[in-house]
Amino acid sequence: MAGQGQIGTIEAYTDFTGAFGDTTWGTGEVPLEGGWGFVSVNEGTLNTVVDESGGVLQFLTDTGDNDNVCLLAGKFDPSKGTCTIEARFKIADAVTLGAIYCGFTETMALDTPVMPAEFATATMTYNGSGGMVGLLWDPDATTNKWKALAGDGGAASNSTNYGTNGTDATDIAVNDEYDIVKVSLSPSGFAQVWHEEELVASGQTSLTTTDLFYAVLMCENRSAAAEEFEVDYVYAATTRDWTV
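Residues numbered from 1 in each chain as written. Predicted model: local features only at pLDDT ≥ 70, side-chain atom pairs only at ≥ 80, totals over all residues. Heavy atoms only, no water.

**Q** Help me out: how do you make sense of the overall build of the protein chain in this one?
**A** If you tally the helices and strands in the protein chain, you get 1 helix and 20 strands. Scaling as 2.2 N^0.38, a compact globule of 244 residues should have a C-alpha radius of gyration of about 18 Å, and the protein chain matches this with 17 Å. When its C-alpha atoms are laid out on the principal axes, the protein chain stretches across 50 × 40 × 35 Å. Within the protein chain, the fraction of its 244 residues that count as buried is 49%. Considering only contacts in the protein chain between residues 6 or more positions apart, those separated by 24 or more positions represent 69%. A total of about 9900 Å² of accessible surface is found on the protein chain, and carbon and sulfur atoms cover 48% of it. Seen as two clouds, the 9 positive and the 35 negative side-chain charges of the protein chain have centres 8 Å apart. (Helix = DSSP H or I, 4+ residues; strand = E, 2+ residues; numbered from the N terminus. Rg over C-alpha atoms; globule rule 2.2 N^0.38 Å. Buried < 20%, exposed > 50% of the residue type's maximum accessible area, 1.4 Å probe, protein only. Contact = heavy atoms within 4.5 Å. Areas by Shrake-Rupley, 256 points an atom, 1.4 Å probe, with all protein chains shown as cover. Lys, Arg positive; Asp, Glu negative; His and termini not counted. Charge placed at Lys NZ, Arg CZ, Asp CG, Glu CD.)

Structure representation (structure tokens):
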């Protein structure tokens, strides 16, 4: 029932302008500003980037292969209104050492987070049993590309629109250079995945939009070396559920 209140939009947004200092994190859920938090595999450190304006926070992962950090907000219900995530970020060595995912995922283990999808050699693997739609960079690929993807139940979701092994973006990741990613998922299951100014993939998915989804920005090591994952901002929004 609408009309119970005037705050009809749910927004999670942070520009990291607070005073974070240099802080070591452990395992478990860690709160951030603006309705965001993060979980990780193994510990790491938060480091305020002092030589860039506007608030930039570095998430320095631990040094093991597959150690990661996962920023998340939600859960969100696409059936109530379009869900959107937008993020601006960079990584010191994305070309060969760090995987990145930005988008929505139904499945996320908060104690031991796992990338929603991974791409190795020439094959996309859809992890978990839940739905997902987003953009992935994985240097385990033979040919490195940003890839838009949609999956559900461990397989591609509407491979006609998104491809069994994802849809390639035009631009590739560049070390220590910002990327902007935007992903939206509507009540009908229609989704769009943007990288910079390019619409990488668009169209109907077969996702169940009454399922609940996390908005996720995630970085994972692809070698036994720490990754410098720097985030300028993360934003997610949807429509409030007024059901009583």
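**Q** What is the right way to read the side chain of glutamine 58 from this model?
**A** Along the chain, glutamine 58 falls in strand S6 (residues 57–60). According to the relative accessible area criterion, glutamine 58 is buried, its value standing at 10%. At 2.8 Å, the side chain of glutamine 58 forms a polar contact with the side chain of asparagine 47. Within the local environment of glutamine 58, its side chain forms a polar contact with the side chain of glutamate 230, the two groups lying 3.3 Å apart. Every residue in contact with glutamine 58, bar those within four places of it in the chain, is listed here: Thr45, Leu46, Asn47, Val49, Glu228, Phe229 and Glu230. (Polar contact = N/O pair within 3.5 Å; in protein donor to acceptor, adjacent residues only side chain to side chain.)

**Q** Where do I start with unusual backbone geometry in this structure?
**A** Leaving glycine out, the prevailing phi sign among residues is negative, and the prevailing peptide bond configuration is trans. Look at the link from glycine 74 to lysine 75: it is a cis peptide, with omega at 5°. Even without being glycine, phenylalanine 16 reaches a positive phi, approximately 55°. On the secondary structure map, phenylalanine 16 appears in the loop between strand S1 (9–14) and strand S2 (22–25). Classification of phenylalanine 16 by relative accessible area gives buried; the value is 3%. The phi dihedral of asparagine 66 falls on the positive side, at around 75°, and the residue is not glycine. Considering the arrangement of structural elements, one finds asparagine 66 in the loop between S6 and strand S7 (68–76). On the basis of relative accessible area, asparagine 66 is assigned to the partly exposed category, the value being 38%.

**Q** Would you mind showing me how to read the pairing of strand S13 (residues 147–152) here?
**A** For a regular strand, the rule is simple: side chains alternate between the two faces of the sheet. With 5 of 6 residues buried, S13 lies mostly within the body of the structure. Two elements, strand S12 (residues 132–137) and S13, share 5 bridges in a ladder whose sense is antiparallel. In the sheet register, glycine 134 faces S13, and the bridge partner there is leucine 149. Where S13 and strand S15 (residues 167–168) come together, 2 bridges link them in antiparallel fashion. Paired with lysine 147 across the strands is aspartate 168, a residue of S15. Relative to strand S14 (residues 155–156), S13 runs antiparallel, the two sharing 2 bridges. Residue pairing in the sheet places aspartate 152 in a bridge with alanine 155 of S14. (Pairing = 2+ DSSP bridges.)

**Q** Would you mind showing me how to read a negative patch on the surface here?
**A** A cluster of acidic residues, Asp171, Glu177, Glu196 and Glu197, forms a negative patch at the surface. The residue glutamate 197 is located in the loop between strand S17 (190–195) and strand S18 (198–204) in this model. (Patch = residues over 30% accessible without salt bridge, like charges linked within 9 Å, V, L, I, M, F, W, Y side chains within 5 Å. Salt bridge = Lys/Arg side-chain N within 4 Å of Asp/Glu carboxyl O.)

**Q** Looking at this structure, I do not really get the nonpolar core. What am I missing?
**A** Nonpolar side chains tend toward joint burial in soluble globular proteins. Within the largest apolar cluster, 48 residues are counted, with the highest numbers of intra-cluster contacts made by Trp36, Phe59, Leu71, Leu217 and Phe229. Here this core gets 5 residues from one element, more than from any other, and that element is strand S8 (residues 83–91). Setting aside anything within four residues of it in sequence, one finds phenylalanine 229 in contact with Leu57, Gln58, Phe59, Val69, Phe89, Lys90, Ile91, Ile100, Leu217 and Cys219. If you look at the next biggest cluster of nonpolar residues, it comprises 18 residues, including Ala99, Met108, Phe119 and Val216. (Core = buried A, V, L, I, M, F, W, Y, C linked by side-chain atoms within 4.5 Å.)

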